[in-house]
Amino acid sequence: MKKNIAPSLLAADFFDLSSQMKLLKEGNIKVLHLDVMDGMFVPSISFGMPVISSLRKSVDFFFDVHMMVENPERYIEDFYNSGADGITIHFEACKHIDRCISQIKSFGLRSGISINPATPVSLLENIISEVDMVLIMSVNPGFGGQKFIPYSLDKIRELSKMREKKNQKLLIQVDGGVGIDNIKALSDAGVDEFVAGSSVFKGDILKNIKALNDALGEV
């Protein structure tokens, strides 16, 4: 299965989104990662339904909505209506994870659970068979440009072993500090999708995408 780089819109220049989306398309990007922050679950506030709806009219990427919000079940239908293709919720932000995942799946969306750096993978053992994807946060969520937390690799390896036993179709995604220096190690550990912010949008976007793919070993 081909692995995907998923640029994080949070790192883009919002004054010039149109031209940047064209460059992502030219770089053969398939997945766009959309970080939604509420200022409560994480300190920052980012963007919501209006931005996603506007983008949906113009681009055909897979819209991977990462909800860093408290009580995400309040907004799942709204993001579906805005054009989400997949929704990832945080294990730490939802009191009734199983119900929330069922809600996401009821709209035909890719369902995902994300865990923060200090949250152990073992807590996902009972729910992993019900989701399409697990997102390992390799930085503390809320701000872009942070350094990769090294023990995240061990968590990915642990999750990869759990996948073999519980859900072999599971996708593993990583978000935080992904760059040319660690993307191959992340891939070898079992990651399928790599959320990349600064390493895509800072500088020459097409050169950055090529450098990441070269480091990953993807054509």
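Please read these numbers as outputs of a predicted model, since none were measured by experiment.

Undergrad: Teacher, can you tell me more about the sheet that holds strand β2 (residues 31-37) here?
TA: What holds strands together in a sheet is hydrogen bonding between their backbones, with the strands either parallel or antiparallel. Pairing is parallel in the open sheet, where eight strands are placed in the order β1-β8-β7-β6-β5-β4-β3-β2. Both outer strands of the open sheet, β1 (4-7) and β2, are each paired with one neighbouring strand and no more. This sheet shows a mean twist of 25° between the axes of neighbouring strands, independent of strand direction. Bridge count between β1 and strand β8 (residues 193-196): four bridges; the pairing is parallel. Bridge pairing in β8 links Ile5 to Phe194. Sitting on the sheet, helix α5 (residues 152-166) touches β5 (110-115), β6 (133-137) and β7 (171-175), and the angle it makes with β7 is about 170°.

Undergrad: Help me understand unusual backbone geometry, please; the structure alone is not making it clear to me.
TA: Leaving glycine aside, a negative phi is the common case for residues, and trans is the common case for peptide bonds. Phi is positive for Asn28, which is not a glycine, with a value near 65°. Along the chain, the position of Asn28 falls in the loop between α1 (17-26) and β2. Unusually for a residue other than glycine, Asn71 sits at a positive phi of about 50°. Looking at where Asn71 falls in the secondary structure, it is placed in the loop between β3 (62-68) and α3 (76-82).

Undergrad: It is not clear to me how the pairing of β2 should be interpreted in this structure. Could you clarify?
TA: β2 sits mainly inside the fold: seven of its seven residues count as buried. In β2, alternate side chains face the same way, and those of Val31, His33, Asp35 and Met37 on one face and Leu32, Leu34 and Val36 on the other are all buried. As paired elements, β2 and β3 share seven bridges and run parallel to each other. Residue pairing for β3: His33 is matched across the bridge by Asp64. One crossover worth recording links β2 to the parallel β3 by way of helix α2 (residues 49-56), and it is right-handed.

Undergrad: Explain the environment of Glu70 here, please?
TA: On the secondary structure map, Glu70 appears in the loop between β3 and α3. Spatially, the C-alpha atoms of Glu70 and Gly27 are 34 Å apart, while their sequence positions differ by 43 residues. Excluding anything up to four places from it in sequence, Glu70 contacts Asp38, Met40, Phe41 and Ala93.

Undergrad: Explain the pattern of salt bridges here, please?
TA: Note on pairing: side chains with opposite charge can pair once their charged atoms come close. Using the criterion set out here, one finds nine salt bridges in the structure. Taking the shortest distance from any N to any O, the salt bridge between Arg110 and Glu193 comes out at 3.0 Å. Within this pair, whereas Arg110 is found in strand β5, its partner Glu193 is found in strand β8, the two being separated by 83 residues in sequence. Here the two residues Arg110 and Glu193 agree in accessibility, since each one is buried. With its nearest N and O atoms 2.8 Å apart, the salt bridge here joins Lys184 to Asp188. Of this pair, Lys184 and Asp188 are both found in helix α6 (residues 183-189), four residues apart, which corresponds to roughly one turn of the helix.

Rules used throughout
- Residues numbered from 1 in each chain as written.
- Predicted model: local features only at pLDDT ≥ 70, side-chain atom pairs only at ≥ 80, totals over all residues.
- Heavy atoms only, no water.
- Pairing = 2+ DSSP bridges.
- Helix = DSSP H or I, 4+ residues; strand = E, 2+ residues; numbered from the N terminus.
- Axes fitted to C-alpha atoms, helices over the stretch in contact; angles between N-to-C directions.
- Contact = heavy atoms within 4.5 Å.
- Buried < 20%, exposed > 50% of the residue type's maximum accessible area, 1.4 Å probe, protein only.
- Right-handed = clockwise from strand over helix to strand, strands pointing away.
- Salt bridge = Lys/Arg side-chain N within 4 Å of Asp/Glu carboxyl O.

This is a description of form; function is not addressed.
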